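Structural description and commentary
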Amino acid sequence: MDADDAPEGIATRPTPDCLDDSLLNTLVQGGLDDAAKQRAFEHLAACSNCDARLHRIEAASSGTSHFATPLPKPSASAESFVKKQRERSYPYLGAAADGHPNDLGTFAGGLYRVLEWIDSGGTSDVFKAYDTKMESLVALKVLREPKDAKSPRKRGKKQSSARSHFEQEARSGFKLRAGNERLVGVIGSDTNHKPPYLVMDYVEGESLSTRIREAGENGLPADEAKQIIWEVAKGLALVHDQGWVHQDIKPQNIKLPAEGPPKIIDVGLAFEAGGS
């Protein structure tokens, strides 16, 4: 992009605030939480240099990227670029509901207003959504059709495996939620819908990984760290008392809401250990 062609507010040369390659690689691999992604996207919207580097990194990691489709190039303005970053080709979404032009779209015949993208993993996309029937905010997880399989047979096999895993997550997430305020479980699902989806409690707040990164070299204050560990341990104890193992505890999977205890998220790898 030439300087004369850049939209107002779009940088065309490196600045001290530019994102390093390590962070861009983490973004491509889906390792940043939603707050960190938002900050990265806001910078990318104003920096064509970082955007170009991001595209090179994504191209170099083809086959391992966690993005549904390649990220779009900057458009006429930073605002529209950020919007396209969030949208990134979700063909299963319907048009935005009347009176809500800023929504990403609708889902399940208009049952859910999809407000914004939160995260994308290897097989699914997660959105902040509004349940029009229950009149409440939820997290909506949608199983995505695999795009990297080279043949219909391999694509079908991969989809079958992903669907089986998705159904297991729906069962475990529903069971584990009962009586455990420290775990974000599944409150609804439709695995027969095309595409299948899960509905989870929506938790507003940053992740523990973001809090640790923002704390810098000195780390979290000892009292805060001990309190988080204690609360997460109590949540895991309830999971274990039910005979389950979470299997994926890490700072990225701990949410820190403004009020109440930390929340354990993502039970996709949880398995029932028979009470052992």
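All figures in this text were calculated on a predicted structure; none of them were measured in a lab.

Moving on, we get to the packing of aromatic side chains. By the definition in use, this model includes six aromatic pairs. Summarising the aromatic geometry, the rings of Y92 and F107 are spaced 6.0 Å apart at their centres and angled 85 degrees between planes, so their arrangement reads as edge-to-face. One end of the pair, Y92, is in the loop between α4 (78-87) and β1 (105-107); the other, F107, is in strand β1, and 15 residues separate them in sequence. Under the relative-accessibility criterion, F107 is labelled buried at 1%.

This paragraph deals with the sheet that holds β1. Strand pairing in a sheet takes place through backbone hydrogen bonds and is either antiparallel or parallel in direction. A sheet is described by the order of its strands in space; here six strands give the open sequence β1-β2-β3-β4-β6-β5, paired in antiparallel fashion. With partners counted over all chains shown, the strands left at the sheet margins are β1 and β5 (186-190), one partner each. For this sheet the average axis-to-axis angle between neighbouring strands, irrespective of direction, equals 40 degrees. One ladder, built from eight bridges, connects strand β3 (residues 124-131) with strand β4 (residues 136-143); its direction is antiparallel. Bridge pairing links D125 to V142 in β4.

Time to look at unusual backbone geometry. With an omega dihedral of 0 degrees, the bond running from K194 to P195 counts as a cis peptide bond. When you line up the elements, P195 lands in the loop between β5 and β6 (197-201). Here A108, not a glycine, exhibits a phi torsion of approximately 55 degrees, which is positive. Relative to the helices and strands, A108 is located in the loop between β1 and β2 (112-120). Here Q247, not a glycine, exhibits a phi torsion of approximately 75 degrees, which is positive.

Moving on, we come to the environment of Q252. Note on placement: Q252 falls in the loop between β8 (244-245) and β9 (254-257). Beyond its immediate sequence surroundings of up to four residues, Q252 is in contact with G30, G31, L32, S207, S209 and I265.

Mean pLDDT over the protein chain: 79, with 76% of residues reaching 70 or higher. The low-confidence segment residues 62-79, where pLDDT is below 50, has 49 contacts with residues more than four positions distant or belonging to other chains.

We now examine helix α6 (residues 208-215). Those residues of α6 that sit buried are L208, S209 and T210. Residue G216 follows α6 closely and has a positive phi angle near 75 degrees.

Further remarks concern the pattern of salt bridges. One pass over the full model with this rule turns up 13 salt bridges. Residue E169 pairs with K141 through a salt bridge whose shortest N-O separation is 2.9 Å. Within this pair, whereas E169 is found in helix α5 (residues 152-177), its partner K141 is found in strand β4, the two being separated by 28 residues in sequence. In terms of burial, E169 and K141 fall into one category: buried. Here R163 ties to E167 by a salt bridge, and the two come within 3.4 Å at their closest N and O atoms. Taken together, the residues R163 and E167, both in helix α5 and four residues apart, mark about one turn of the helix. For R163, a relative accessible area of 28% corresponds to the partly exposed category. Linked through salt bridges whose partners overlap, the residues forming this network are E181, R182, E231 and K234.

Calculation criteria
Residues numbered from 1 in each chain as written. Predicted model: local features only at pLDDT ≥ 70, side-chain atom pairs only at ≥ 80, totals over all residues. Heavy atoms only, no water. Phe/Tyr/Trp six-rings, centres within 6.5 Å; stacked < 30°, edge-to-face > 60°. Helix = DSSP H or I, 4+ residues; strand = E, 2+ residues; numbered from the N terminus. Buried < 20%, exposed > 50% of the residue type's maximum accessible area, 1.4 Å probe, protein only. Pairing = 2+ DSSP bridges. Axes fitted to C-alpha atoms, helices over the stretch in contact; angles between N-to-C directions. Contact = heavy atoms within 4.5 Å. pLDDT = per-residue confidence, 0-100. Salt bridge = Lys/Arg side-chain N within 4 Å of Asp/Glu carboxyl O.

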